[in-house]
Amino acid sequence: MSQIVEEVLKANQQYAATFGDKAKLPMPPARRFAILTCMDARLDPAKYAGLAEGDAHVIRNAGGRASDDAIRSLVISYKLLGTREWFVIHHTDCGMETFTDDIMAELLSHSLKTAQLTPAGWRDVGEGPGSPVGKYIKWLTIKDQAQSVVDDVIRIKSHPLVPKEIPVYGYIYDVKTGRLIEVPEATQAGRVG
């Protein structure tokens, strides 16, 4: 067993020992909203959005992008679990701004090992084999943080399975200050009506 596994299981034992009434939390989120945000470890949606367990759905992926799977989760969140408002929250200093689809495809074609970010950009340091399959994936990289929020809100709002009465708000989380910064154009695109 790795040290990480041991640490996780020990932490879980401590958490479970004081679990208490959390066993009675209902499946639907109490505050009836959902957040789509990035998987970046510096982001703690519970803290930056004031959430307790059971309050809201938090959907995370690389970049906090409105991928097919993220939209699937949002639709389930609404249709079966009653959320009524959604947030798209990207963040500053996002790793998704450091590469393009072509760069990722090229890195994967050489090796499947972890690459290194150098001052000159991403560099593959692993030995092969790689795979050409990476060129067939849309990685949803980010060129402009605010525009990516707008694009994702528009994609969500225009999806045929998303009811028109759900407002979608657009924000950028600043990793240097902890503040949420509204992207007005995104929130405008996500309004009801």
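Use the structure listed above.
In this text the structure is predicted, and so the values were computed from the model without any measurement.

Rules used in this analysis
The written sequence of each chain sets the order in which its residues are numbered from 1. Side-chain atom pairs in this predicted model are given and counted only at pLDDT of 80 or more, local residue features only at pLDDT of at least 70, and totals for whole chains, interfaces and linings cover all residues. Hydrogens are left out, water is left out, and the side-chain values use all remaining heavy atoms of the structure. Note on conventions: DSSP H or I runs of at least 4 residues are helices, E runs of at least 2 residues are strands, and numbering of each starts at the N terminus. For every residue, the accessible area obtained with a 1.4 Å probe (protein chains only) is divided by the maximum for its type, and the residue is called buried under 20%, exposed over 50%, and partly exposed between those limits. Throughout, a contact is declared for two residues whenever any of their heavy atoms are within 4.5 Å. Surface accessibility follows the Shrake-Rupley procedure with a 1.4 Å probe radius. Residue values consider only the protein chains on display as shielding. Neither His nor the chain termini are counted; the positive set is Lys and Arg, and the negative set is Asp and Glu. All charge positions are set by atom: Lys at NZ, Arg at CZ, Asp at CG, Glu at CD. For two strands to count as paired, DSSP must find a minimum of two bridges between them. Think of a patch as exposed residues, more than 30% relative accessible area, with no salt bridge, where like charges cluster within 9 Å and nonpolar side chains (Val, Leu, Ile, Met, Phe, Trp, Tyr) cluster within 5 Å. Whenever Lys or Arg places a side-chain nitrogen within 4 Å of a carboxyl oxygen from Asp or Glu, that contact is recorded as a salt bridge. Nine residue types can take part in a nonpolar core, namely buried Ala, Val, Leu, Ile, Met, Phe, Trp, Tyr and Cys, and a core is a set of them joined through side-chain atoms within 4.5 Å. Pairing of aromatic side chains here covers Phe, Tyr and the six-membered ring of Trp, requires ring centres within 6.5 Å, and sorts the geometry by plane angle: under 30 degrees stacked, over 60 edge-to-face, intermediate tilted. Multiplying 1.5 Å by the residue count of a helix minus one yields the expected span of that helix. In the analysis that follows, any N or O atom pair within 3.5 Å is treated as a polar contact, provided that within protein one partner can donate a hydrogen and the other can accept it, and provided that, for residues neighboring in sequence, both atoms belong to side chains.

Peer 1: In this structure, what is going on with the overall build of the protein? I would like to understand it.
Peer 2: Summing up its helical and strand segments, the protein has six helices and seven strands in all. In the protein, the order of α-helices and β-strands from amino to carboxyl end is α-β-α-β-α-β-α-β-β-α-β-β-α. Across its three principal axes, the protein shows a C-alpha extent of roughly 50 × 45 × 35 Å. Residue burial in the protein is summarised as follows: out of 193 residues, 36% are buried. In the protein, the proportion of contacts linking residues at least 24 apart, taken out of those at least 6 apart, comes to 62%. Carbon and sulfur atoms make up 57% of the accessible area of the protein, which totals about 11,900 Å². Each charge class in the protein was averaged separately, 23 positive and 24 negative side chains, and the resulting centres sit 5 Å apart.

Peer 1: Would you take a moment to explain the pairing of strand E3 (residues 85-91) for this structure?
Peer 2: Successive side chains on a regular strand alternate, one facing one side of the sheet and the next facing the other. Of all the seven residues making up E3, five are buried; the element is thus mostly covered by neighbouring parts of the structure. Sheet topology note: the strand E1 (residues 33-38)/E3 ladder contains five bridges and is parallel. Following the sheet pairing, Phe33 is matched in E3 by Glu85.

Peer 1: Explain a nonpolar patch on the surface here, please?
Peer 2: A cluster of nonpolar residues, Met1, Ile4, Val5, Val8 and Leu9, forms a patch on the protein surface that exposes about 520 Å² of accessible area. Residue placement: Met1 occurs in the segment before helix H1 (3-17).

Peer 1: Looking at this structure, I do not really get the nonpolar core. What am I missing?
Peer 2: Burial of nonpolar side chains together is a common tendency in soluble globular proteins. With 21 residues, the main nonpolar core has Leu36, Trp86, Val88, Val149 and Ile156 as its most contacted residues. Of all the secondary structure elements, the ones that give two or more residues to this core are E1, helix H3 (68-79), E3, helix H5 (145-158) and strand E6 (168-173). Residues within four places of Trp86 in sequence aside, it is in contact with Ala34, Leu74, Val75, Ser77, Tyr78, Ile156, Val162, Ile166, Pro167, Val168 and Tyr169. Formed by 15 residues, the second largest nonpolar core is a distinct cluster that contains Leu43, Leu51, Met96 and Tyr173.

Peer 1: Please explain the pairing of strand E2 (residues 57-61) as it appears in this structure.
Peer 2: Of the two faces of E2, the one holding His57, Ile59 and Asn61 is buried and the one holding Val58 and Arg60 is not buried anywhere. Note that E1 and E2 share five bridges and pair parallel. Residue pairing for E2: Cys38 is matched across the bridge by Asn61.

Peer 1: I tried to follow the packing of aromatic side chains on my own but got confused; where do I start?
Peer 2: The relative placement of two aromatic rings is captured by the distance of their centres and the angle of their planes. Within this structure, the stated rule accounts for five aromatic pairs. Their ring planes at 45 degrees and their centres at 5.0 Å tell us that Phe87 and Tyr169 sit as a pair that is tilted. Taken together, the residues span a long stretch of sequence, with Phe87 in strand E3 and Tyr169 in strand E6 at a distance of 82 residues. In textbook terms, an aromatic cluster arises when at least three aromatic residues are bridged by ring pairs, as seen for Phe33, Phe87, Tyr169 and Tyr171.

Peer 1: Explanation requested: H5 in the structure shown.
Peer 2: In an α-helix there are 3.6 residues to a turn, and that puts residues three or four apart on one side. The end-to-end C-alpha distance of H5, which contains 14 residues, comes to 20 Å, matching closely the 20 Å that a straight helix rising 1.5 Å per residue would cover. Taken together, the buried positions of H5 are occupied by Gln145, Ser148, Val149, Val150, Asp152, Val153, Ile156 and Lys157. Next to the buried residues of H5 lie E1, H3, E3, E6 and helix H6 (184-189). You can read the cap of H5 off the contacts: a side-chain oxygen lies 3.1 Å from the backbone nitrogen of Ala146, and it is on Asp144.

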